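Okay, here's what each chain looks like letter by letter:
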Amino acid sequence: MREIALYILIALSAPAVLRRPFLGVVIYLGANIVRPEMLFWGGEGGSFVFITYYILILTGCLLRGEFTRLGQVFQREYLLMLWMLAAIYLSIMLTQFQAPMATYFATDIAKTLGLCGLLYLLIKTLADVELLETTLLGCLTFLGIWGIEQQMLGNERLEGLGGAAWGDSNGVASVYVLFLPVALAFAYASRKRRRFWIFMAVAAVMVALIVCTKSRGGLLGMTACLFSFAIYARKTAATFKVALLLALLVTPFATDAYLERMKTLQGVSDVENFEGSARSRFILWEAGLMVFSRNPVVGTGFLTYPEAKMEFEENFYQLEDHFREWVFRKESKKVTHNTYIQMLSDCGVFGALPFFLLVAGGIRSGFKARGTLKQEQDAAAGLWLAGCSAGLTGFSVCIMTIDSVTMPFIYVQLVVIGILSRTLSGSPAGLLPAVEPELTTAEQPA
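Conventions used here
Every chain is numbered on its own, with residues counted from 1 as its sequence reads. With the structure being a predicted model, the display of local features is reserved for residues of pLDDT at least 70 and the display and counting of side-chain atom pairs for 80 or more, all residues being used for whole-chain, interface and lining totals. Heavy atoms from the whole structure form the basis of all side-chain values; hydrogens and water molecules are not counted. Per the convention used, a helix needs a DSSP run of H or I reaching at least four residues, while a strand needs a run of E reaching at least two, with both numbered from the N terminus. The classification of residues rests on relative accessible area computed with a 1.4 Å probe and restricted to protein chains. Under 20% of the type maximum is buried, over 50% is exposed, and intermediate values are partly exposed. In what follows, a contact means two residues having at least one pair of non-hydrogen atoms within 4.5 Å. Shrake-Rupley sampling with a 1.4 Å probe provides the accessible areas, and residues are treated as covered by the protein chains on show and by no other component. Each axis is a line fitted through C-alpha atoms, and for a helix only the stretch in contact is used; angles between axes span 0 to 180 degrees, taken between their N-to-C directions. Angles are sorted into four bins: roughly parallel if under 35 degrees, roughly antiparallel if over 145, roughly perpendicular if 65 to 115, and oblique for all others. What makes a crossing left-handed is the near helix being turned counterclockwise from the far one by less than a right angle; a clockwise turn instead makes it right-handed. For this document, the term salt bridge refers to a Lys or Arg side-chain nitrogen within 4 Å of an Asp or Glu carboxyl oxygen. An expected span of 1.5 Å times one less than the residue number is assigned to each helix. The nonpolar class holds Ala, Val, Leu, Ile, Met, Phe, Trp, Tyr, Cys and Pro. Asp, Glu, Lys and Arg form the charged class, and all remaining residues, Gly among them, are polar. In this text, buried Ala, Val, Leu, Ile, Met, Phe, Trp, Tyr and Cys residues form a nonpolar core when linked through side-chain atoms within 4.5 Å. Aromatic rings from Phe, Tyr and Trp, with only the six-membered ring used for Trp, were paired whenever their centres fell within 6.5 Å, and each pair was classed as stacked if the ring planes differed by under 30 degrees, edge-to-face if by over 60, and tilted otherwise. Put simply, a charge is over a ring when the Lys NZ or the Arg CZ is close to the ring centre, within 6 Å, and near the line of the ring normal, within 35 degrees. In this scheme, patches are assembled from residues that exceed 30% relative accessible area and form no salt bridge. Like charges are connected within 9 Å, while nonpolar side chains (Val, Leu, Ile, Met, Phe, Trp, Tyr) are connected within 5 Å.

1. A few points about the overall build of the protein chain
If you tally the helices and strands in the protein chain, you get 17 helices and 0 strands. Counting over 446 residues, the protein chain shows a buried share of 57%. The long-range share in the protein chain, meaning contacts at least 24 apart out of those at least 6 apart in sequence, stands at 80%. As displayed, the protein chain offers around 19,000 Å² of accessible surface, 63% of which is attributable to carbon and sulfur atoms.

Given below as structure tokens:
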């Protein structure tokens, strides 16, 4: 039945996508949230949808003459993405270790960058940015409500909620950290009270979902994104009030188990709590830097860290035997639990540098939004940029404890950040002022 519904959806949306290919990209990205693992990573069904929508979008672009704007694609952040992708494939070619899924996940990144290239071509006005971001927020809210229900029904940490690319609890939390300040930005940029409270409700669902994952990295990332949004958007007092309100609303989700897990941020020595301990992270990170120091240029190969680190077990014989054997276990080998160290060890400086520059550039754009908002009080585009950049800031904290280079929405948000940043700076590569964005007014609640 669901397969039939999928075919009907494709058939009904095909004419609209051909007339306006941007709608196809929005549908594609939104559906990958509502039904993760189907459009990017799923088997034959996912491949069919992927190919079908790509054909529709590309055909629409040809019919509408969109490829005449191909030069619009090659902006700073996109060139960095292509550099990173090339480095990943090079590391796979030169690796001496076995990583059966390396090419598979590298191809997923390539698919994501293909969609990002289409966004550069097809986003032409601020209204397009609004449609994309509100669609993603709506789909994340739908998934968040379902996730909260799952947690109540026994999926204690929402494992698998986000599919293969962000399926574990920490990955799920990081995606909601990425979009939480975006919801706040749209709330503050709303003219109508009803719209303001709708986006506030979206933010409340996101905070509740982050708490439900019991992710320590999620808690740190959420704190960082709210703090940075207060700075970037020049709304320190308002954001502090909202944070208090959200904390009160999600108190029922902060169970004793959640509070106990957050205490492990300080580290534990109890053998029974190794699986939930932060202690092993430091060992894995140190081993990752050892792997990097031996292969500093191109790394050991994409996704090879679990195998490559085993050569350095002898450097940790000062640890208790049971703890060392658990960290360097032979079955289900542990990953880095740190995206930055993952990139250094897997792809060396050649692959890590573009990724680091992408993250740093996206965060820096938040300060550009702050400067713009000083002159144009509450301008919607400035608030949106502040929200997207604050989300990236929080996400950059989350990925200090997870491997998340394959998560597609970080690249989508980097594209949006770049587009908004160039628009606010008056760059020729910015958006046309085809629509007047919403501004806050006196009727907005404090």
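2. As for unusual backbone geometry
At Leu 303, a residue that is not glycine, the phi angle is positive and equals roughly 65°. On the secondary structure map, Leu 303 appears in the loop between α12 (279–294) and α13 (305–308). Its identity is not glycine, yet His 337 carries a phi of approximately 60°, on the positive side. Examined against the element boundaries, His 337 turns out to sit in the loop between α14 (321–327) and α15 (339–375).

3. Concerning the packing of α15 against helix α17 (residues 408–424)
Orientation of α15 relative to α17, taken along the N-to-C sense of each, is 40°, at an axis distance of 10 Å. One finds that α15 runs oblique with respect to α17. Considering the relative orientation of α15 and α17, their crossing is left-handed. The residues of α17 that touch α15, namely those facing Phe 355, Leu 358, Gly 362, Ser 365, Lys 368 and Thr 372, are Ile 410, Tyr 411, Leu 414, Ile 417, Ser 421 and Leu 424.

4. Quick notes on the pattern of salt bridges
Taken as a whole, this structure holds 10 salt bridges when the rule is applied. Between Asp 128 and Arg 20 there is a salt bridge, with its nearest N and O atoms 2.4 Å apart. Highlighted residues: Asp 128 in helix α6 (residues 126–152) and Arg 20 in the loop between α1 (2–19) and α2 (21–34), separated in sequence by 108 residues. The partner of Arg 195 in a salt bridge is Glu 130, and the shortest N-O contact between them spans 2.5 Å.

5. Remarks on the side chain of Glu 66
With respect to the helices and strands, Glu 66 occurs in the loop between α3 (44–64) and α4 (76–94). Note on Glu 66: relative accessible area 6%, which makes it buried. The residues touching Glu 66, leaving out its near neighbours within four places in the chain, are Cys 61, Leu 121, Leu 122 and Lys 124.

6. Brief notes about α6
Taking 1.5 Å as the rise per residue, α6 with 27 residues should run 39 Å; its terminal C-alpha atoms sit 39 Å apart, in good agreement. Positioned one or two residues after α6, Gly 154 has a phi angle of 125°, which is positive.

7. Some words on the packing of helix α7 (residues 169–188) against helix α9 (residues 216–232)
Running from N to C, α7 and α9 point in directions that differ by 20°, and their axes come no closer than 9 Å. It follows from the interaxial angle that α7 and α9 lie roughly parallel. Every pair of crossing elements has a handedness; the one defined by α7 and α9 is right-handed. Residue-level contacts link Asn 170, Ala 173, Val 177, Leu 180, Pro 181, Leu 184, Ala 185 and Tyr 188 of α7 to Arg 216, Gly 218, Gly 221, Met 222, Cys 225, Leu 226 and Phe 229 of α9. When grouped by side-chain class, the residues that make up the contact of α7 with α9 number 11 nonpolar, 3 polar and 1 charged.

8. Some thoughts on the side chain of Thr 141
The residue Thr 141 is located in helix α6 in this model. Under the relative-accessibility criterion, Thr 141 is labelled buried at 13%. Those residues in contact with Thr 141 that sit more than four places away from it in its chain are Val 202 and Val 205.

9. Looking at the nonpolar core
Side chains of a nonpolar character, in soluble globular proteins, are inclined to be buried together. Counting residues in each nonpolar core, the largest one holds 127 residues, and the members touching the most others are Leu 132, Phe 179, Phe 302, Phe 355, Phe 409 and Tyr 411. At 15 residues, α7 tops the list of elements feeding residues into this core. Counting residues in hydrophobic clusters, the runner-up holds 16 residues, among them Phe 97, Tyr 305, Phe 312 and Phe 323.

10. What about the environment of Leu 414?
On the secondary structure map, Leu 414 appears in helix α17. Residue Leu 414 is classed as buried on the basis of its relative accessible area of 4%. Along the sequence, Leu 414 and Leu 358 sit 56 residues apart, while their C-alpha atoms lie 7.6 Å from each other. Beyond its immediate sequence surroundings of up to four residues, Leu 414 is in contact with Glu 77, Met 81, Leu 358, Gly 362 and Leu 392.

11. What to know about the environment of Val 397
Looking at the element boundaries, Val 397 is found in helix α16 (residues 380–398). With relative accessibility at 23%, the residue Val 397 sits in the partly exposed group. In this view, Val 397 contacts Leu 220, Gly 221 and Ala 224; residues no more than four positions away in its chain are not counted.

12. Regarding the packing of aromatic side chains
As enumerated under the stated definition, the model contains 18 aromatic pairs in all. Relative to Trp 384, the ring of Phe 186 lies with its centre 4.9 Å away and its plane at 20°, an arrangement referred to as stacked. With a gap of 198 residues between them, Phe 186 in helix α7 and Trp 384 in helix α16 connect regions that are remote in the sequence. Members of the aromatic cluster, each reached through a chain of ring pairs, are Tyr 188, Phe 196, Trp 197 and Phe 229. The ring of Tyr 188 carries Lys 235 above its face, with NZ or CZ at 4.9 Å from the centroid.

13. Description of the environment of Met 81
With respect to the secondary-structure elements, Met 81 resides in helix α4. For Met 81, a relative accessible area of 0% translates into the label buried. Taking C-alpha positions, Met 81 is 9.9 Å from Gly 351, a pair spaced 270 residues apart along the chain. Aside from chain neighbours lying at most four places away, what touches Met 81 is Leu 113, Leu 358, Tyr 411, Leu 414 and Val 415.

14. Quick word on a nonpolar patch on the surface
A cluster of nonpolar side chains, contributed by Leu 58, Leu 62, Phe 67, Leu 70, Phe 74, Leu 79 and Leu 82, occupies part of the molecular surface with about 610 Å² of accessible area. Topologically, Leu 70 is positioned in the loop between α3 and α4.

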